[in-house]
Amino acid sequence: GITGFSFSFRLARRVGHVTDTCVRIMSGEQGHRLPVIGTSDEFDALATSVNRVLDRLEEQTRTLRATFDSVAHDLRAPLHRLRTRMDAVLRLPALEPGIREPVESALREVDRLQRTLATLLQIALAESGAPLASPAPVNLGELADELVELFEPVAGERGLTLRGGADHGVIVEGNRQLLAQLITNLLENALKYVPSGGRIDVAVKRLADHAHLVISDDGPGMPEEDRQRAGQPFARVGQRSGLEGSGLGLSLVSALARLHRARLTLESNDPGLRAVVSLPLAAAQVP
């Protein structure tokens, strides 16, 4: 009886330590390792093997991050020089229209390349496994309403109705600038694909211990099979494939969501698309 209870207690405690460590690793704290207490039992053998895998993954992540940084540096400089030279050509006096038009077109492509590169680097950083730098409390409802107000003129110009309905009592832990980027990408996605006369609604509400950011529209929507892969880099899906873009918008949203231990879900709004980002509430708000 006592021996069995003692064994069960030790077993439960070790399982608890392993579980806690796994949760911390999955939340971005990749420097943690499973506990090895020196008893040379099955738990120690398993922890040792898993820790070797984690060491290897951390090494590969550092290598990948360094490679991205190097590639970014190598690409930024020539793109900047190219853009500077093309700007100089456009400033030449009496430039012939036959030359100006293709130069301006090429300049737009250079700008697009620079934006794509910047987005790829943001995705790489978010997916690198590095923890979110300096997280702080962010009023998600206030941030959403600020961005709705910012985009209302753009929506009006396109014949769209953009409405906010955020709960200003919802606080999450995160980076305000990155969360603003996440909301902006979802709004730009809706503004780009919802036809004139359509409607876009932005809501923030609290459900249990999570905040839900919901951006819904009554546009053409997206088939279920496309919704499953829309967060992958360069995915061009359904009716959207004929429009200009890199296919990185929703991929960046997915990456930024994961960086905040959140999840992006795309659902049918019947009609239209409904994007839901579920984020953990700030610790102070969890009962």
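Definitions and limits used
Residues numbered from 1 in each chain as written. Predicted model: local features only at pLDDT ≥ 70, side-chain atom pairs only at ≥ 80, totals over all residues. Heavy atoms only, no water. pLDDT = per-residue confidence, 0-100. Helix = DSSP H or I, 4+ residues; strand = E, 2+ residues; numbered from the N terminus. Axes fitted to C-alpha atoms, helices over the stretch in contact; angles between N-to-C directions. Parallel < 35°, antiparallel > 145°, perpendicular 65-115°, else oblique. Left-handed = near helix turned anticlockwise from the far one by under 90°. Contact = heavy atoms within 4.5 Å. Nonpolar A, V, L, I, M, F, W, Y, C, P; charged D, E, K, R; others polar. Buried < 20%, exposed > 50% of the residue type's maximum accessible area, 1.4 Å probe, protein only. Pairing = 2+ DSSP bridges. Core = buried A, V, L, I, M, F, W, Y, C linked by side-chain atoms within 4.5 Å. Polar contact = N/O pair within 3.5 Å; in protein donor to acceptor, adjacent residues only side chain to side chain.

Draft legend 1. Inspection of the confidence of the model for the protein chain at higher detail. Taken over all residues, the pLDDT of the protein chain has a mean of 82, while the share at 70 or more is 85%. Taken element by element, the protein chain is modelled with least confidence in helix α1 (residues 2-26), mean pLDDT 73, and with most confidence in helix α4 (residues 140-157), mean pLDDT 96.

Draft legend 2. Summary view of the packing of helix α5 (residues 176-193) against helix α7 (residues 249-259). Packing of α5 against α7 leaves a shortest axis separation of 9 Å and a crossing angle of 150°. With respect to α7, the element α5 is oriented roughly antiparallel. The two elements α5 and α7 cross, and the hand of that crossing is left-handed. Residues L178, Q181, L182, N185, L186 and N189 of α5 pack against G249, L250, L252, V253, L256, A257 and L259 of α7. Along the lines of polarity and charge, the residues of the contact of α5 with α7 split into 9 nonpolar, 4 polar and no charged.

Draft legend 3. Structural detail: the pairing of strand β7 (residues 273-280). The buried count for β7 comes to 7 of 8 residues, which makes it a mostly enclosed element. Where strand β5 (residues 210-217) and β7 come together, 7 bridges link them in antiparallel fashion. Residue pairing in the sheet places S216 in a bridge with R274 of β7. Where strand β6 (residues 263-268) folds back on β7, the antiparallel hairpin that results is connected by 4 residues, among which D270 adopts a positive phi of roughly 45°.

Draft legend 4. How the structure looks around the packing of α4 against α5. Two elements in contact, α4 and α5, have axes whose closest approach is 10 Å; the angle formed by their N-to-C orientations is 40°. As judged from the angle between their axes, α4 and α5 are oblique. Between α4 and α5 lies a crossing whose hand is right-handed. Of the residues in α5, those in contact with L140, L143, A144, E146, L147, F151, V154 and A155 of α4 are R176, L179, A180, I183, T184, L187, E188 and L191. Class assignment of the residues belonging to the contact of α4 with α5 gives a composition of 12 nonpolar, 1 polar and 3 charged.

Draft legend 5. Up close: the nonpolar core. Counting 46 residues, the largest nonpolar core has L182, I183, L186, L187, I200, L213 and V277 as the members making the most contacts within it. At the level of elements, α4, β2 (161-166), α5, β4 (199-207), β5, α7, β6 and β7 are the ones that each hand at least two residues to this core. In terms of residues, this core owes the most to one element, α5, which gives 9 residues. Formed by 10 residues, the second largest nonpolar core is a distinct cluster that contains M86, V103, L117 and L121.

Draft legend 6. The arrangement of the side chain of S278 in detail. As for its placement among the helices and strands, S278 is situated in strand β7. A relative accessible area of 17% means that S278 is categorised as buried. Polar contacts involving the side chain of S278 include one to the side chain of H212, which spans 3.3 Å. Among residues more than four places away in sequence, those in contact with S278 are H210, A211, H212, A262 and R263.

Draft legend 7. Quick look at the sheet that holds β5. Here 5 strands make up an open sheet; going across it, the order is β2-β4-β5-β7-β6 and the pairing mixed. Each of the sheet's edge strands pairs with one partner strand only, and the pair in question is β2 and β6. Taken pair by pair, the neighbouring strands of this sheet meet at an average axis angle of 15°, ignoring direction. Bridge analysis of β2 against β4 gives 6 bridges, and the strand direction is parallel. Bridge pairing links L162 to I200 in β4. Docked against the sheet, α4 engages β2, β4, β5 and β7, running at close to 170° with respect to β2.

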